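Residue-level listing of the chains:
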Amino acid sequence: MGSNSWFKEKILLGMTFKDYISRHATLPFFIALLILAFSFYSMIYRLLYGLGPATNLSDTYPWGLWISFDILAGIALAAPGLTVGTVVYLFGAKDYKKFARPAILSSLLGYIFAVFALMFDLGRYYRIGYVIFWSWGLNSILFLIAWHFFLYIIICLIEWSPAFFEWLGKDKLRDFFSKLGIWATVFGVIIAGGHQAALGGLFLVAPTKIHPLWYSSMLPLFFLISALFAGISMVIIESTISHRVFKEHLKDFEPKEFDRKTIGLAKALIVILFVYLILKLFDLAHYDNWHYLKSNYGYWYLLEIVGFVLAPTLILINAVKTNNAKLVRITAFVVAFGVILNRFNVSLIAYNWYIPLTEKYYPTWMEVSLSLGVVTLIILFYRFIVRRMAILE
Amino acid sequence: MDRREFLKKTLTIAGMTLIGVYGDSSASPQNDKIKEQNDRIREQNDRIIQDSTKSTGNIANRRNWGKYEKVKEFPKEPYAVLVDLTKCIGCRRCEWACNEWNKNPNRPLKEFEESKDRSPSVFDRIRRTHAGEFTVVNRFYNGGTPVYVKKQCMHCAEPACLNACFVDAFKKTSHGAVLYNPSLCVGCRYCMIACPFDIPAYEYYDPITPQITKCTMCFDRITEDKIPACVEVCTADVMRFGPRSEMLKLAYEKINNNPQRYINHVYGEHEVGGTNWLYISGVPFEKLGFPKLDKTPIPNYSKNFLFTVKVLEIVAAAPLVWAAYYMISKNKEKKGGDSSG
């Protein structure tokens, strides 16, 4: 009986099981369930029949949607912990303390589910432990990434555990992990920065395969900087959504204060976007790639840079000047989408750029549904945790 | 259901799926004749694809790796194969011999030999290596004359695949061969991204134990004083096998003795730091599907990066640790101030 009431209190939020289920019989949950059904089907199909039948991967395109979206884009968008978490815990930006816990939670979930999705892409997923415990390819950039993922998930767990133990009512453990938190953050900066750059570094070994407009010896730096602005824009996006959805969890919510902080985040975003733009320009000039701009790949490149980096920057400047927090929130979506587009460009569209468009890779519905399912799982877990633990207040 | 039956069933489904996909993508009904031709090519390709799906359970990898672990004699100098493209007649006997030796899916020798005279033929498309197909011969045209080009692992002196592998599943042997260890591979396929020659292929249709497949330079033959199967079977004297320095010398002898016949370039002498397969040709290599590569070994790109990251991480650690101490002491001060005040 005792454990039963604990379950009722902590997991079902004080409702009976029946109530809990009927409270969740809504359209969004139905859609989520539908996506998950397709996604689980794809996962099982992939495990039973292999990558060949489930995906459009080939010898020419060994990496597809799951790497481009779930890993490359996903990890960049899971950088809130790296940006806001660090600024708050390490540099004592108290103003943004309220943003820190959600930021860390989204990083934690982002990384865990990125690795979860990766399991389906690996041919022999059951050997993933080899890279940590058994056989080390010390000269591989992927080795560095694997280890950094492993360490960073532990770091996120440490940073998140105060909220977790608070929920369980274990104060001693909470205090212990709170003290550990600052050290986790220190190493988190190094580890997260290192592997965000390394994800770009992965493609350094393919100088002949990636279109010159995207290939650069600065790829790691570009990935790192774009992960920073992806992280900040995700903080804006996620706070926007959670302030709408989880209103009842915010006791002393002041819209004006919230707007002011959003504008503050926009300022940081502008600075980083500008650094990125200037480096991109240097890159273009250094490799003398101007002539490529007058081709289809060139137009596509310009769309990415002008449409999803330069334009949002200018809009953000305008929004900061006019104190328009709503515009900042909308632009944050554009910036985040731009980062996803960039990851797709580097890893798929500009990869093997010399082969005709008809022979290029496009994902199967199973690849798409698996990725969508993973996104759905992240949202559901985020919601589950936010409604139970002290993340937002 | 036992394992074999399970795999068999899986492969049947896999093969059917692929044929379906293939049929959709290659249909271009412009007129009846082309359509008929396409059908015939498709039939031929389907057979290849169906065969290649059976390559699940590739044994060449394991056999060669086992050999590598046991081998005790190491040559003073790595071996190399010199390929003289001006001599190749496109008989594809090397493909057949490779399949035969490595127990890859194979077809009668006659089918290989006649493909150069047939129309349509496998030469109509530029092919690459696939699972269970360690080497392929492609046909290019220079003016009106066909030039046949054998393609297989180049066995780089500093292999990109080896360096890319995060579980260290590749080895460069002192014989020159680059070998793959299937008992370590996790299946990330980063080696396929890294290889500048697009050689490693993957068994996508094996759900449980897929492997990378590629040419082993017949390691299990060259360690027993035999020459690679493809070299042995060639009757047109296209390939020569021997110590790399001798092969290079031979290449330049050939070029210098007959400058009209050859261009002055030994492909693989310097490309990505040198390879253990060397090519000489009468036609510039760019026209024959060879990637234009400079002397930088591919591993250098990642090594430089890894070095930078390590240095930066160590350099960054110091101020960050200092900041952490600062924050902790500041927090303590505040707490102390609170309790006293």
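Scroll up a little and you will see the structure.
Residues numbered from 1 in each chain as written. Chains lettered and ligands numbered in written order. Predicted model: local features only at pLDDT ≥ 70, side-chain atom pairs only at ≥ 80, totals over all residues. Heavy atoms only, no water.

**Quick look at the overall build of chain B**
Argument step 1. Counting its secondary structure elements, chain B contains 11 helices and 9 strands.
Argument step 2. Burial status across chain B gives 53% buried among its 341 residues.
Argument step 3. The long-range fraction of contacts in chain B, counting pairs at least 24 apart against all pairs at least 6 apart in sequence, stands at 63%. (Helix = DSSP H or I, 4+ residues; strand = E, 2+ residues; numbered from the N terminus. Buried < 20%, exposed > 50% of the residue type's maximum accessible area, 1.4 Å probe, protein only. Contact = heavy atoms within 4.5 Å.)

**Let's talk about the environment of V122 of chain B**
Residues and elements named next belong to chain B.
Argument step 1. With respect to the element layout, V122 can be found in the loop between α5 (109-114) and β2 (136-142).
Argument step 2. By relative accessible area, which is 7% here, V122 ends up buried.
Argument step 3. Residues V122 and C94 lie 28 residues apart in sequence; the distance between their C-alpha atoms is 15 Å.

**Let's talk about the sheet that holds strand β8 (residues 239-243) of chain B**
All names here are of chain B.
Argument step 1. Here we have 3 strands laid out as an open sheet, ordered β8-β1-β9, and mixed in their pairing. Since the sheet does not close on itself, it has two edges, and those belong to β8 and β9 (277-280), each with one partner. Between one strand axis and the next, the sheet turns by 25° as a mean value, whatever way the strands run.
Argument step 2. Contacts from helix α10 (residues 244-257) reach β1 (79-84), β8 and β9, with the element oriented near 135° to β8. (Pairing = 2+ DSSP bridges. Axes fitted to C-alpha atoms, helices over the stretch in contact; angles between N-to-C directions.)

**Here we look at helix α12 (residues 255-286) of chain A**
Argument step 1. The terminal C-alpha atoms of α12 of chain A, which comprises 32 residues, lie 46 Å apart, in line with the 46 Å expected from a rise of 1.5 Å per residue.
Argument step 2. In the stretch just after α12 of chain A, D288 of chain A is the one whose phi turns positive, near 50°. (Expected span 1.5 Å × (residues − 1).)

**Quick word on the packing of helix α6 (residues 80-89) of chain A against helix α11 (residues 219-245) of chain A**
All names here are of chain A.
Argument step 1. Here α6 crosses α11 at 75°, and the two axes come no closer than 7 Å. The orientation of α6 relative to α11 falls into the category roughly perpendicular. Residues P80, L82, T83 and V84 of α6 touch α11, and the partners they reach there are L228, G231, I232, M234 and V235.
Argument step 2. Residues of the contact of α6 with α11, tallied by class, amount to 7 nonpolar, 2 polar and no charged. (Parallel < 35°, antiparallel > 145°, perpendicular 65-115°, else oblique. Nonpolar A, V, L, I, M, F, W, Y, C, P; charged D, E, K, R; others polar.)

**Description of the packing of aromatic side chains**
All names here are of chain A.
Argument step 1. Inspection of the entire model under this criterion finds 44 aromatic pairs over all chains.
Argument step 2. Where F113 meets F116, the ring centres are 6.0 Å apart and the plane angle is 80°; that geometry is what we call edge-to-face. Pair noted here: F113 and F116 are both in helix α7 (residues 97-121), with a separation of 3 residues, about one helical turn.
Argument step 3. Between W214 and Y301 the ring centres are 5.5 Å apart and the planes differ by 80°, which places this aromatic pair in the edge-to-face class. (Phe/Tyr/Trp six-rings, centres within 6.5 Å; stacked < 30°, edge-to-face > 60°.)

**Let's talk about the interface of chain B and chain A**
Argument step 1. Taken together, the contact between chain B and chain A spans 58 residues of the former and 65 residues of the latter.
Argument step 2. For the pair chain B and chain A, the interface holds 2 salt bridges.
Argument step 3. Note that D198 of chain B and K209 of chain A form a salt bridge whose closest N and O atoms lie 3.1 Å from each other.
Argument step 4. Run the count over chain B and chain A and you get 28 residue pairs in polar contact (both at pLDDT 80 or more).
Argument step 5. Taken together, the elements giving at least two residues each to the side of chain B that touches chain A come down to α1 (3-26), α6 (160-164), α7 (190-194), β6 (201-202) and α11 (298-340) of chain B.
Argument step 6. The element best represented in the side of chain B that touches chain A is α11 of chain B, accounting for 17 residues.
Argument step 7. When grouped by side-chain class, the residues that make up the side of chain B that touches chain A number 40 nonpolar, 10 polar and 8 charged. (Salt bridge = Lys/Arg side-chain N within 4 Å of Asp/Glu carboxyl O. Polar contact = N/O pair within 3.5 Å; in protein donor to acceptor, adjacent residues only side chain to side chain.)

No statement about biological role is implied by the geometric values presented.
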